[in-house]
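Results of the structural survey
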Amino acid sequence: MVEDIQIGRYLDISRDRVFKNVFGKRANKDLLIALLNLVLDGIDIVDLEYLSGEFQGFDIGSRQSRMDLRVKTIAGTEVIVEVQVRDQHDFKDRAVYYAALPILEDVEAGKGRYVLRDRIIVSFLHFQLEHSEDAHWADECRSVYSLREKVTGEKLSDAINLVFVELGRFKKPLESLDNDLERFYFCLQHMGELPEIPDGMAGSELMRRLFDVTEVESLPKEEKRKYYSYMTTERDIRNQIDFAVEQGEARGEAKERLKVARSFKSLGVSVDIIAKATGLSEVEIAAL
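Predicted model, so just to flag it, every value in this text is computed and none were measured.

What counts and what doesn't
- Residues numbered from 1 in each chain as written.
- Predicted model: local features only at pLDDT ≥ 70, side-chain atom pairs only at ≥ 80, totals over all residues.
- Heavy atoms only, no water.
- Helix = DSSP H or I, 4+ residues; strand = E, 2+ residues; numbered from the N terminus.
- Buried < 20%, exposed > 50% of the residue type's maximum accessible area, 1.4 Å probe, protein only.
- Contact = heavy atoms within 4.5 Å.
- Areas by Shrake-Rupley, 256 points an atom, 1.4 Å probe, with all protein chains shown as cover.
- Phe/Tyr/Trp six-rings, centres within 6.5 Å; stacked < 30°, edge-to-face > 60°.
- Pairing = 2+ DSSP bridges.
- Axes fitted to C-alpha atoms, helices over the stretch in contact; angles between N-to-C directions.
- Parallel < 35°, antiparallel > 145°, perpendicular 65-115°, else oblique.
- Left-handed = near helix turned anticlockwise from the far one by under 90°.
- Nonpolar A, V, L, I, M, F, W, Y, C, P; charged D, E, K, R; others polar.

**Looking at the overall build of the chain**
The helix and strand inventory of the chain stands at 10 helices and six strands. Put simply, the chain has 288 residues, and 43% of those count as buried. Looking at the chain alone, contacts between residues at least 24 apart form 61% of all its contacts between residues at least 6 apart. Element-wise, carbon and sulfur atoms account for 50% of the exposed surface of the chain, whose accessible area totals about 15,700 Å².

**Things to note about the environment of F19**
As for its position among the elements, F19 is in helix α1 (residues 16-23). C-alpha of F19 to C-alpha of E82: the two residues are 63 residues apart in sequence and 8.7 Å apart in space. With residues near it in sequence (within four places) discarded, F19 still touches I13, G24, L35, V81, V83, F124 and L188.

**Focus: the packing of aromatic side chains**
Evaluation of the coordinates by the stated rule reveals 10 aromatic pairs. Taken together, F19, F23, F124 and F184 form an aromatic cluster joined through their ring pairs.

**Remarks on the sheet that holds strand β1 (residues 48-50)**
Read across the sheet, six strands follow the order β1-β2-β3-β4-β6-β5 without closing on themselves; strand pairing throughout is mixed. Unpaired on one side and paired on the other, β1 and β5 (142-148) mark the two borders of the sheet. Going from strand to strand, the sheet's axes swing by 20 degrees on average, the running direction of each strand aside. Bridge count for strand β3 (residues 78-84) against strand β4 (residues 119-125) is seven bridges, and the pairing is parallel. Looking at the pairing, V83 lines up with F124 of β4. Each of β1, β2 (69-73), β3, β4, β5 and β6 (155-166) touches helix α2 (residues 29-39); the most contacted strand, β1, lies at about 120 degrees to it.

**Remarks on the pairing of β2**
β2 sits mainly inside the fold: four of its five residues count as buried. The sheet contact formed by β1 and β2 spans three bridges and is antiparallel. Of the residues in β2, the one forming a bridge with E49 is K72. What sits between the antiparallel neighbours β2 and β3 is a turn of four residues, in which G76 has the positive phi angle 100 degrees.

**Looking at the packing of helix α4 (residues 180-190) against helix α6 (residues 205-213)**
Angle between the axes and distance between the axes are the two parameters that describe a pair of packed helices. Contact pair α4 / α6: the axes reach a minimum separation of 10 Å and the direction vectors enclose 20 degrees. The pairing of α4 with α6 is recorded here as roughly parallel in orientation. The hand of the α4/α6 crossing is right-handed. Together, D180, R183, F184 and C187 of α4 and L206, M207, L210 and F211 of α6 make up the contact between the two elements. By residue class, the composition of the contact of α4 with α6 is six nonpolar, no polar and two charged.

Here is the structure:
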């Protein structure tokens with residue numbers, strides 16, 4: 001089914017670039033700290049530093065920015081935050097691969113010494129992962145992976161910690177939300193659809209702050225224009241992807257898939273999304 005993206009009163013923070021534009025601003029650092037403290041159970045972040053070269057001055061209208069939101073706590077732990085709207089081939093392996101990449105930076109910075117920074121990667125996923133114990137995940141949407149000894153649980157290293165928040169599993173309706181974590185999850189799914197702050201959230205200072213900074217009309221004129229342009233482009237590209245998937249299923253023709261892939265590539269659509277839409281491998285797409 002072709003997706004119709006509506007532009008409402010509040011920013012649609014389910015979109016990765018919009019999420020990073022909101023939480024990547026130093027003026028909204030308190031919101032990012034609050035969100036991470038809710039998601040990272042047992043970790044108390046009192047302050048953090050935005051790493052240089054990241055999202056300060058981030059252009060919401062640019063399709064070239066592909067870096068994740070990276071910050072460092074005062075305790076020295078690096079936290080990388082990403083949002084994934086659609087599932088991808090071999091997503092878990094991809095997550096491990098990307099989690100390992102910053103380790104190369106650590107080794108280079110240490111001039112060959114293997115002194116690795118503590119690091120947590122938080123992924124907000126608008127889909128579900130496959131798990132071996134299905135019953136456990138019926139009412140749970142957060143999973144945590146780290147490097148530990150199988151029997152004793154002894155931690156080998158804090159260089160890789162993966163936290164997945166599977167928003168595709170979060171089904172609670174608005175009237176049943178019990179705490180700010182659940183309210184955050186709901187907003188990550190539905191903020192762009194809400195006409196006003198719900199009564200059940202108005203009593204939370206944290207939620208009022210989130211709704212204040214995401215109101216579209218409060219944006220500077222140029223940033224608002226870029227947001228409208230970005231959302232319109234997103235709608236067009238997703239409609240093309242959905243149409244291509246429907247056509248690919250109906251025809252199954254290699255020539256048609258190559259044509260669609262070339263078109264997406266010219267629009268700057270990421271390789272993983274092109275692969276999902278067309279069924280082509282990343283090697284085949286790179287050769288186009």
